[in-house]
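# Structure at a glance
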Amino acid sequence: MGEVVDTSAFIQSTEHRPKPTSTLEAEGIPLIDLSALNSSNSDASASLVAEIGDACEKWGFFQVINHGVPLGCREKIESVSRTFFGQSMEEKSRVRRDELNPMGYYDGEHTKNVRDWKEVFDFVVEDPTVIPASPEPDDKELTMLHNQWPEFPPNFRDACEEYTRETEKLSYKLLELISLSLGLPESRFNNFFKDQTSFLRLNYYPRCPIPHLALGVGHHKDAGGLTVLAQDDVGGLEVKRKTDGEWIRVKPTPDAYIVNVGDIIQVWSNDKYESVEHRVTVNSERDRFSIPFFFNPAHYSVLEPVAELVNEENPAKYKAFNWGKFVSARNLSNFKKLHVENVQIYHFRKSE
C-alpha cells in the first residue's frame, strides 16, 4: 500500500521521537453507552450526562458505543479510504493540497512537521467553507476552502459525504451532552456551528521499519471543539493521563468512537474541561487507518469563557479571540515559517 517513505528525515530529527517513558496497556479512557439518548428514563439520561462530565473533567477523552452511526456507513468510508491510499503517488497527488487550498491529499513532504509518519486526505463539511484570508487583525478579506475529490474510487465522494452527515449528527448529540454536564442549556453551543468550519480527515499510517524512531503523529492537543475518531483494530492512539502524565494506549473497541474535547471547549468551560495531549505510534507489521472528524465553529465565532461559568470566585481565564483568525494562522503555518510560534490557546490566557 502506498509508496516507500524516505526515512532519512525521521532519523535525522529527534524532536518528536517517542520518549523512553512507559505506555500502559490499561483499561484506559472511559467507555460510555449512549443508548440512554433514546430512552424516556430521566434517571438514565441524567446518569449519562454525569458520565460525560466526569470523563471530560478527568480524562478529556472517552469512547462511545450505541452511538447511532450506521455500521455500513462506516464500512463504506473505510473501504474507499484504503482504496484511495493504495494508489500510486502520482494518482494521489492529482488532488494534493497547496497554500491556496489546504484541502486534499498530502504526505507531510510539504509541511513543517515532516516527522509525522502518515498520509492524509482532508475535506470540509461545508463546501465551500469560509475563513479569513489571513490572520492579520485588520484584514477583512475572506477566502473559501473547496474540496478536491479524486476520480478513483468512483464512490469516494458519496461514501465520504454520507459518513460525514452521520458523524455530524453524533457530534451535535455529544456537544449537547457536554453542555448539560456543565449545567448549561442543551443547545447552548449549537449556534456557534451554524456556518461550521468542520472537516474530516482520512489518515493512513504505513508500516514503519523504524517504529522506535518515528511517530504517526507527535504529541499535540486538538484546537477545535470536539474530535470524533474512528480507528481500526490496529490501534496506536495514546492519551496522556492527567493524573500522572503516563501515556495510556487506547485499546480499539469494535464499532466505537473515540471522543476528545478540544481547546475551544477548554476555553468555553474556563478550564473545567481540558484539551489533553495525545499522540499516535506506528506499527512495523501492519498499516493503520483512522478517520477523525473535527467539529469546529463558524469562522466569525468569538471564543471566550461562557458568561454563566464566570464569577468573582472563578474569573475568566482567557481573553476573547476570533476562531477564523486562529484557523488562518495555523493553516498558514503549515506552509510558511511565521515570525512567531504556531498560535495556541495559551497565547490568549489572561495573566493571573
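The structure we're discussing is the one just above.
Quick caveat: nothing in here was measured; it's all calculated off a predicted structure.

## Overview of the packing of aromatic side chains
Centre distance and the angle of the planes are the two values used to describe a pair of aromatic rings. Following the criterion strictly, the structure yields 24 aromatic pairs and no others. Geometrically, the ring pair formed by phenylalanine 84 and phenylalanine 85 is edge-to-face, given 5.2 Å between the ring centres and 70° between the ring planes. Owing to a relative accessible area of 0%, phenylalanine 84 belongs among the buried residues under this scheme. Looking at phenylalanine 85, the relative accessible area reads 0%, which means it is buried. Through successive ring pairs, a cluster of aromatic residues spans Phe84, Phe85, Tyr105, Phe121, Phe123, Trp149, Phe156, Tyr204 and Phe289. We note arginine 97 situated over the ring of tyrosine 106; from NZ or CZ to the ring centre the distance is 3.5 Å.

## A look at the nonpolar core
Judged by nonpolar contacts, the single largest core of 72 residues is most densely connected at Phe62, Phe121, Leu174, Ile178, Leu202 and Leu226. The residues contacting leucine 174, other than those within four sequence positions of it, are Leu34, Phe62, Val64, Leu226, Val228 and Val259. One finds Phe61, Leu229, Leu237 and Val276 within the second-largest nonpolar core, a separate group that totals 13 residues.

## Examining the pattern of salt bridges
Charged atoms that come close allow side chains of opposite charge to pair. Going through the model one piece at a time under the given rule, you end up with 21 salt bridges. Note that lysine 272 is salt-bridged to glutamate 57, the shortest N-O span being 3.4 Å. Residue lysine 272 is found in the loop between helix 6 (263-268) and strand 14 (278-280), and its partner glutamate 57 is found in helix 2 (residues 42-58); the two are separated by 215 residues along the sequence. On the accessibility criterion, glutamate 57 (37% relative accessible area) is partly exposed. In this structure, glutamate 166 engages lysine 169 in a salt bridge whose closest nitrogen and oxygen atoms are separated by 3.5 Å. Here glutamate 166 pairs with lysine 169, and both are found in helix 5 (residues 156-181), just 3 residues apart, close to one helical turn. Here glutamate 166 falls in the buried class, since its relative accessible area comes to 18%. On the accessibility criterion, lysine 169 (49% relative accessible area) is partly exposed. When salt bridges with common partners are traced through the structure, they connect Lys221, Lys242 and Glu274 into a single cluster.

What counts, and where the lines are drawn
Residues numbered from 1 in each chain as written. Predicted model: local features only at pLDDT ≥ 70, side-chain atom pairs only at ≥ 80, totals over all residues. Heavy atoms only, no water. Phe/Tyr/Trp six-rings, centres within 6.5 Å; stacked < 30°, edge-to-face > 60°. Buried < 20%, exposed > 50% of the residue type's maximum accessible area, 1.4 Å probe, protein only. Lys NZ or Arg CZ within 6 Å of the ring centre and 35° of its normal. Core = buried A, V, L, I, M, F, W, Y, C linked by side-chain atoms within 4.5 Å. Contact = heavy atoms within 4.5 Å. Salt bridge = Lys/Arg side-chain N within 4 Å of Asp/Glu carboxyl O. Helix = DSSP H or I, 4+ residues; strand = E, 2+ residues; numbered from the N terminus.

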